[in-house]
There are 2 protein chains.
Amino acid sequence: MQEWYKNYVNQIEAYLGGFFQAKVAWAPLYEAMRYSLLSGGKRIRPVLALEFCRVVGGAPDQALPFAAAVEMIHTYSLIHDDLPAMDDDDLRRGRPTCHIQYGEGLAILAGDALQSAAFRAALAADLPEDIRCRAGLILARAAGEDGMVAGQVLDLEGETRPLSEAELSQVHLHKTAALIQAACTMGVVAGGGSEAQYSAAIRFARALGTAFQIRDDILDAVGDEATLGKPIGSDAASGKTTFVTLYGIERAEAMLTEQTEAAKTALSGAFTDTERLLWLADWLLGREY
Amino acid sequence: MQEWYKNYVNQIEAYLGGFFQAKVAWAPLYEAMRYSLLSGGKRIRPVLALEFCRVVGGAPDQALPFAAAVEMIHTYSLIHDDLPAMDDDDLRRGRPTCHIQYGEGLAILAGDALQSAAFRAALAADLPEDIRCRAGLILARAAGEDGMVAGQVLDLEGETRPLSEAELSQVHLHKTAALIQAACTMGVVAGGGSEAQYSAAIRFARALGTAFQIRDDILDAVGDEATLGKPIGSDAASGKTTFVTLYGIERAEAMLTEQTEAAKTALSGAFTDTERLLWLADWLLGREY
C-alpha cells in the first residue's frame, strides 16, 4: 500500500471515528453503528472520493464528508446484506456480523441510521450549498431503487434462480459500480471538476466496479479463506450465478484484465496527474488471491 | 375531513404515485415500495409540510417534494418496524404488512430504497439549492441516530423491560415528534418563513407529536379493532410501557388535552392564518376512538 493511500485512510478513519457522539440513552445503537463502520477494510470508496477531488485540483480533505458519506452507505448495505433474510452471513472480515453481535433488530436500525447519517455528513459539509446539494443527490440516486438497492434485489433473485449474462452485468453495475461511481463523481464535484472530468470519472468507476466484482467472484472460488475472512466456494455451493459459474475461471480472469484496462484508459485525457489512480486500479485488481 | 385537507392529500397521492417509474428488471422492488407507500392513511406529515409552507406565505405545492420525502421516511420506518426482528406485525391498516406480502428480504430492501428516495425527492425539488440543502439536512437529522431511529431503539428496549417516565418521553419525542417536526420545519423552509416561525413550528410539532403518541397508546388500549386495523390491547399483553400502562387512561387523557392545547398555543403570534392548523390539531387528536 502506498504512503498517500495510508494517509487518506488515516484521515477517513479519524473522520468516521469522530462522527458519532454517543448519547447514553441509546448507546447500543451507536455501538452497533461504530462496530460495523470502524471495522477496517481498504476504504476504497472514500479513498477514491478524496483522490478524484485532488486530480481535479481540489484539496483532498474538502471531499472528506462526501467520502465518509459513501462509506456509511456501503457499511449500512453490508449490515443489511448479512441479515438472515438476505445473505445470512455470520462472519465479515473475520468478525461476527452486526446482527450476530447485536441482534437482528438493532442491526436493522444501525443500518437505517447509517444511511441517514450519510446524508447528514454530505449535506453538512463545509462547502457551498450547491455543491453539497449536488453531491447529496448523486448519493441518493446511487444508493436507491435504481442504484445499489436494485443490484441487491437482483442479487437476491440470483440466489433462487440462475441469472442471464445481461442480468449478472446489471447486478454488478448496480450493486457495486453505482456506489463507486458516486464516490468518484462526488470527489469531482467537491474539487470543482469539469463536466468532461465528471464523465471520465463515471467511465472509470463503471469499469473499476465491474472489475472489482469479477475479482470478488474469482476470490470466492479460489481465494484463501484466512485472507478473505469468510468461507471459500459459498457462491457455487449455494447455486448462485457469478462471473465464475457463468464463464469459468479463465474467461473471468480475461474479463478482469479487460475491465482493468478500460478503467485505466478512461482516465487518459481528462486528468493530468493520474499516477496514483493507475496504481490504485492495478493494486485493487491485482492477481494476489 | 375538511376540503383543503382532501385537496392536499390528492396532491400528495399524485406526487407519490408518479415518483417511481418501474423498471422491468427489478419490478418486485418497485411493487413492494409502492404497496407500502400508496396504502392510504391520513398523510398527516406531508399535509403539515404543505400547510406550514402556506402559513409562512408560500404556495403549498412548493413543499410537495419535501412533504413526499417525509412520508417516504415514515413509510420505510413502518416497513422495518413491522419486521419479525422488530414489532413482528402481520397487519397494517387492515392489510398484510410488506414482509408478509413480499418476504423479509424484499421488505428490508424496499424500506432501504424508500429512505434513499426520500433524499432524492427533497434534493431534486424545484427550489433554490440552499433551501433544498437545508431541508435535506433537517430530514437527515430527524431520521437518523439522534432522531427517529433512536426512538425505535428505545421502543425496542421497552419491549424487553419497563421504561421510566423520562425514557417514555424520549421514545415519543424521537420516534414520533422528530419526523413531525421535520415535516413542519421543512414546510417553513420551503415557504421562506422567518426564524421565529421556524421555532414556533418546532414547538407546535413537539407538542403535537407527543399528543399523537399518547392518543395512539390510548387507542391501543380502548380503540375499535375494525377502525384501527390491528388487534386491541397488544401493548398491555406484551408488557410494553405506554402512556396508558404508566399513567392509566384518565391521566393519559388529561395529558393528551394538555399537549393538544400546547400545540395550539405555539401557533399564536408566529402565524396569522392558523385556522386550518387549529382545526387539524383538534381533528387529529379528537376523542373519537
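The structure we're discussing is the one just above.
Remember, predicted model here, so these are calculated numbers, not experimental data.

Draft legend 1. Spotlight on the overall build of chain A. What chain A contains, in helices and strands, is 14 helices and two strands. The C-alpha atoms of chain A give a radius of gyration of 18 Å, which matches the 19 Å a tight globule of 289 residues would have. Along the first, second and third principal axes, the C-alpha set of chain A runs to 55 × 50 × 35 Å. The buried share of chain A, reckoned over its 289 residues, is 57%. Within chain A, counting contacts between residues at least 6 apart in sequence, those at least 24 apart form 73% of the total. For chain A, the computed accessible surface area is about 10600 Å², with 50% contributed by carbon and sulfur atoms.

Draft legend 2. Seen up close, the interface of chain B and chain A. Between chain B and chain A, the contact holds 48 residues from the first and 48 residues from the second. With both chains or domains summed, chain B and chain A bury close to 4000 Å², and 70% of this area falls on carbon and sulfur atoms. Its largest share of buried area at the contact with chain A, chain B owes to B:Trp26, B:Leu109 and B:Glu145, together 17% of the area lost on that side. Counting every contact that joins chain B to chain A gives two salt bridges. Residues A:Glu145 and B:Arg120 are paired through a salt bridge, measuring 2.6 Å at the closest nitrogen-oxygen approach. Applying the counting criterion to the chain B and chain A interface returns ten residue pairs in polar contact (both at pLDDT 80 or more). Taken together, the elements giving at least two residues each to the side of chain B that touches chain A come down to α2 (27-37), α4 (64-81), α6 (104-123), α7 (129-143), α8 (148-157) and α9 (165-190) of chain B. A per-element tally of the side of chain B that touches chain A places α6(B) first, with 13 residues. Broken down by class, the residue content of the side of chain B that touches chain A amounts to 28 nonpolar, nine polar and eleven charged.

Draft legend 3. Broad picture of the packing of helix α9 (residues 165-190) of chain A against helix α10 (residues 195-222) of chain A. All names here are of chain A. Where α9 meets α10, the closest approach of the two axes is 8 Å, and the angle between their N-to-C directions is 145°. Two packed elements cross with a definite hand, and for α9 against α10 that hand is right-handed. Here the residues of the contact of α9 with α10 are counted per class, giving 13 nonpolar, eight polar and two charged.

Draft legend 4. Looking closely at the nonpolar core. Counting 204 residues, the largest nonpolar core has A:Phe52, A:Met72, B:Phe52 and B:Met72 as the members making the most contacts within it. The residues contacting A:Met72, other than those within four sequence positions of it, are A:Leu16, A:Phe19, A:Phe20, A:Leu37, A:Leu114, A:Ala117, A:Ala118 and A:Ala121.

Draft legend 5. Geometry of the pattern of salt bridges. Residue and element names in this part refer to chain B. Per the stated rule, a full pass over the model turns up 32 salt bridges over all chains. A salt bridge links Glu51 to Arg54, with the shortest nitrogen-to-oxygen separation between them at 2.8 Å. Taken together, the residues Glu51 and Arg54, both in helix α3 (residues 44-55) and three residues apart, mark about one turn of the helix. Note on Glu51: relative accessible area 0%, which makes it buried.

Draft legend 6. Representation of helix α4 (residues 64-81) of chain A within the structure. Between its terminal C-alpha atoms α4(A) stretches 25 Å, which fits the 26 Å expected from 18 residues at 1.5 Å a residue. Of all 18 residues making up α4(A), 18 are buried, and the element is well covered by its neighbours.

Draft legend 7. Local environment of the packing of aromatic side chains. The final tally for this structure, using the stated rule, is 27 aromatic pairs over all chains. Measuring from ring centre to ring centre gives 4.9 Å for A:Tyr5 and A:Trp283, while their planes differ by 65°; the resulting arrangement is edge-to-face. One end of the pair, A:Tyr5, is in helix α1 (residues 3-19); the other, A:Trp283, is in helix α14 (residues 275-284), and 278 residues separate them in sequence. With a centroid separation of 5.1 Å and 10° between ring planes, the pair formed by B:Trp279 and B:Trp283 is classed as stacked. Placement of the pair is B:Trp279 and B:Trp283 together in helix α14 (residues 275-284), with a separation of four residues, close to one helical turn. If you follow A:Lys42 out to its NZ or CZ, it ends over the ring of A:Trp283, 5.8 Å from the centre.

Draft legend 8. Just the side chain of B:Thr241, in detail. Residue and element names in this part refer to chain B. Its location among the elements puts Thr241 in the loop between α12 (234-238) and α13 (243-267). Engagement of the side chain of Thr241 in a polar contact is seen with the backbone nitrogen of Leu163, the distance being 2.9 Å. With residues near it in sequence (within four places) discarded, Thr241 still touches Gly158, Arg161, Pro162, Leu163, Leu168 and Leu246.

Draft legend 9. Representation of the relation of the copies chain B and chain A in the model. Between the two copies, chain B and chain A, the superposition gives an RMSD of 0.0 Å; the rotation angle is 180° and the shift along the axis is 0.0 Å. As the rotation angle and translation indicate, the two copies are arranged about a two-fold axis. In terms of proximity to the rotation axis, the leading residue of chain B is B:Cys133, whose C-alpha is 2.6 Å off the axis. Of all interface residues in chain B, 100% are interface residues in chain A too; the two copies therefore contact each other through one and the same surface.

Draft legend 10. Here's a closer look at α1(A). Residue and element names in this part refer to chain A. With 17 residues, α1 ought to run about 24 Å at 1.5 Å a step, and its terminal C-alpha atoms sit 25 Å apart, in line with that. When we look at burial in α1, the residues that qualify are Trp4, Tyr5, Tyr8, Val9, Ile12, Leu16 and Phe19. One side of α1 carries all its buried residues, which in axial view fall inside an arc of 135°. Looking at α1, the residues exposed on the side facing more than 90 degrees away from the buried face are Glu3, Asn10 and Ala14. Here the buried face of α1 lies against α2 (27-37), α3 (44-55), α4, α6 (104-123) and α14.

Draft legend 11. View of the packing of helix α8 (residues 148-157) of chain A against α9(A). All names here are of chain A. Two numbers describe how α8 lies on α9: the axes approach to 7 Å, and their chain directions differ by 140°. By crossing handedness, the relation of α8 to α9 is classed as left-handed. Where α8 approaches α9, its residues Met148, Ala150, Gly151, Gln152, Leu154 and Asp155 are matched on the opposing element by Glu167, Gln170, Val171, His174, Lys175, Ala178 and Leu179.

Draft legend 12. Representation of the environment of B:Ala211. Residues and elements named next belong to chain B. Examined against the element boundaries, Ala211 turns out to sit in helix α10 (residues 195-222). Using a relative accessible area of 0% as the deciding quantity, one classes Ala211 as buried. Sequence-wise, Ala211 and Met72 are 139 residues apart; in three dimensions their C-alpha atoms are separated by 22 Å. Excluding its chain neighbours within four sequence positions, the residues that come into contact with Ala211 are Leu256, Gln259, Thr260 and Leu285.

Draft legend 13. Just the side chain of B:Asp155, in detail. Following the sequence through the fold, B:Asp155 ends up in helix α8. For B:Asp155, the side chain forms a polar contact with the side chain of B:Lys175, separated by 2.6 Å.

Draft legend 14. Focus on the environment of A:Gly191. All names here are of chain A. Along the chain, Gly191 turns up in the loop between α9 and α10. A residue is classified by how much of its surface remains accessible, and Gly191, at 16% relative accessible area, is buried. Sequence separation between Gly191 and Gln259 is 68 residues, and the spatial gap between their C-alpha atoms is 26 Å. Discounting residues that sit within four places of it in the chain, Gly191 has contacts with Cys53, Val56, Gly57 and Gly58.

Cut-offs and rules
Residues numbered from 1 in each chain as written. Chains lettered and ligands numbered in written order. Predicted model: local features only at pLDDT ≥ 70, side-chain atom pairs only at ≥ 80, totals over all residues. Heavy atoms only, no water. Helix = DSSP H or I, 4+ residues; strand = E, 2+ residues; numbered from the N terminus. Rg over C-alpha atoms; globule rule 2.2 N^0.38 Å. Buried < 20%, exposed > 50% of the residue type's maximum accessible area, 1.4 Å probe, protein only. Contact = heavy atoms within 4.5 Å. Areas by Shrake-Rupley, 256 points an atom, 1.4 Å probe, with all protein chains shown as cover. Buried area = accessible area lost by both parts, 1.4 Å probe. Salt bridge = Lys/Arg side-chain N within 4 Å of Asp/Glu carboxyl O. Polar contact = N/O pair within 3.5 Å; in protein donor to acceptor, adjacent residues only side chain to side chain. Nonpolar A, V, L, I, M, F, W, Y, C, P; charged D, E, K, R; others polar. Axes fitted to C-alpha atoms, helices over the stretch in contact; angles between N-to-C directions. Left-handed = near helix turned anticlockwise from the far one by under 90°. Core = buried A, V, L, I, M, F, W, Y, C linked by side-chain atoms within 4.5 Å. Expected span 1.5 Å × (residues − 1). Phe/Tyr/Trp six-rings, centres within 6.5 Å; stacked < 30°, edge-to-face > 60°. Lys NZ or Arg CZ within 6 Å of the ring centre and 35° of its normal. Least-squares fit on C-alpha atoms with pLDDT ≥ 70 in both. Arc of directions from axis to C-beta.

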